[in-house]
Amino acid sequence: MDVASSRRDHLVETALRLFYRNGFHATGIDTILAESGVAKMTLYKYFKGKDDLILAALELRDRRWLAWFDEELKRRGKAPIDRLLLQFDLLGEWFAGDDFRGCLFVNAASEYCGLDERIAELAARHKRLVRDRIGRLAEEAGLRKSAALADQLALLVEGAIVMALMEASPRWAATAKAAARVLVEAAAAEKQAR
């Protein structure tokens, strides 16, 4: 990696960390520059402004989070049906982390709703990708109405994230998992009844 890419990447990494910890509007460019040690001129060499830096940070978070999620599900879950429930264990581990501040994409959507369509769309795309992964697992498990089940499980995922943030408690992953188990078992029973 060349020095220029390294500076850009360091800037995005720093911005991502600060945006997640403090919020998008509360994190100014000067704070990001001071934390990263990057000159303002360098920032504007790579980004037109703060919104473009936010997009780069969200894209980085999207790639990392989905890669972590996919790898952990694959590594720990033997069968697709097991992975449908395992996702809630992964959420619980995320919620229990010292740096858990909710979902960066929900935070972005709430701070930029009606202000920047690109940011809102990137946040929505991330949520669609998560739901699509859940749907794919349901399909691989051979469960009927996999799209409806994916919607239901995605809703449990999102609800668990919000409640874990609001109550500063990872227990919501287990609560969501219990509800998910009922849905998955009902879908599995329907599959066997065919």
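Cut-offs and rules
- Throughout, residues of each chain are indexed from 1 in the direction in which the sequence is written.
- Owing to the predicted nature of the model, reporting of local features is limited to residues with pLDDT of at least 70; listing and counting of side-chain atom pairs is limited to 80 or more, with chain, interface and lining totals taken over all residues.
- Processing note: side-chain calculations cover all non-hydrogen atoms of the structure and skip hydrogens and water entirely.
- Salt-bridge detection follows one rule: a side-chain nitrogen of Lys or Arg within 4 Å of a carboxyl oxygen of Asp or Glu.
- Numbering of helices and strands runs from the N terminus; a helix is a DSSP stretch of H or I covering at least four residues, while a strand is a stretch of E covering at least two.
- In this scheme, a residue with accessible area under 20% of its type's maximum is buried, one over 50% is exposed, and one in between is partly exposed, where area comes from a 1.4 Å probe on protein chains only.
- Grid points spaced at 1 Å and placed over the protein atoms alone form the basis of the search, with a cavity being a set where a 1.4 Å probe fits but cannot get out and a pocket an open set showing protein on both sides within 12 Å along at least five of seven lines. Lining residues have an atom within 4 Å of a point.
- Grid points are joined across faces, edges and corners, and a volume is the space filled by probe spheres set on the points.
- Gly falls in the polar group here, along with every residue not listed as nonpolar (Ala, Val, Leu, Ile, Met, Phe, Trp, Tyr, Cys, Pro) or charged (Asp, Glu, Lys, Arg).
- In this analysis, axes come from line fits to C-alpha atoms, helices being fitted only over the stretch in contact, and the angle between any two N-to-C directions falls in the range 0 to 180 degrees.
- Note on terminology: angles under 35 degrees are roughly parallel, angles over 145 are roughly antiparallel, angles of 65 to 115 are roughly perpendicular, and the others are oblique.
- Crossings are classed by handedness, with left-handed meaning an anticlockwise turn of the near helix from the far one by less than a right angle and right-handed meaning a clockwise turn.
- Residue contacts are defined here by distance: any two heavy atoms, one from each residue, within 4.5 Å place the two residues in contact.

Caption draft 1: Looking closely at the pattern of salt bridges. Considering all chains together, one arrives at 18 salt bridges under this definition. Between arginine 125 and aspartate 62 there is a salt bridge; the shortest N-O distance is 2.8 Å. Of this pair, arginine 125 sits in helix 7 (residues 117-140) while aspartate 62 sits in helix 4 (residues 50-76), placing them 63 residues apart in sequence. Judged by relative accessible area, arginine 125 falls into the partly exposed class, the value being 32%. In this structure, lysine 145 and glutamate 190 form a salt bridge, with 3.8 Å as the shortest nitrogen-oxygen distance. One end of the pair, lysine 145, is in the loop between helix 7 and helix 8 (146-167); the other, glutamate 190, is in helix 9 (residues 171-193), and 45 residues separate them in sequence. Put simply, Glu72, Arg75, Arg76 and Glu93 are held in one network by salt bridges that share partners.

Caption draft 2: How the structure looks around empty space enclosed by the protein. Counted under the stated rule, the structure contains one cavity of 30 Å³ or more. Taken as a whole, the largest cavity spans an internal volume of roughly 80 Å³. Lining of the largest cavity is provided by Arg61, Trp65, Trp94, Cys103, Leu104, Phe105, His126, Lys127, Val130, Val157, Glu158 and Ile161. Contributions of two or more residues to the lining of the largest cavity are made by helix 4, helix 6 (104-112), helix 7 and helix 8. The class makeup of the residues in the lining of the largest cavity is eight nonpolar, one polar and three charged.

Caption draft 3: Broad picture of the packing of helix 4 against helix 5 (residues 80-95). The interhelical angle for the contact between helix 4 and helix 5, taken along N-to-C directions, is 125 degrees, at an axis separation of 10 Å. Classed by the angle they form, the pair helix 4 and helix 5 counts as oblique. The hand of the helix 4/helix 5 crossing is right-handed. When helix 4 is examined against helix 5, the residues Arg61, Trp65, Trp68, Phe69, Glu72, Leu73, Lys74 and Arg76 are found in contact with a partner set consisting of Arg83, Leu86, Gln87, Leu90, Leu91, Glu93 and Trp94. Along the lines of polarity and charge, the residues of the contact of helix 4 with helix 5 split into eight nonpolar, one polar and six charged.

Caption draft 4: Region of interest: the layout of surface pockets. What the largest pocket holds in volume is close to 300 Å³. Taken together, Glu13, Leu16, Arg17, Tyr20, Arg21, Arg61, Arg64, Trp65, Trp68, Trp94, Asp99 and Arg101 make up the lining of the largest pocket. Its residues assigned to classes, the lining of the largest pocket shows five nonpolar, no polar and seven charged. Taken together, Asp70, Leu73, Lys74, Arg83, Arg133, Arg136, Leu137 and Glu140 make up the lining of the second largest pocket.

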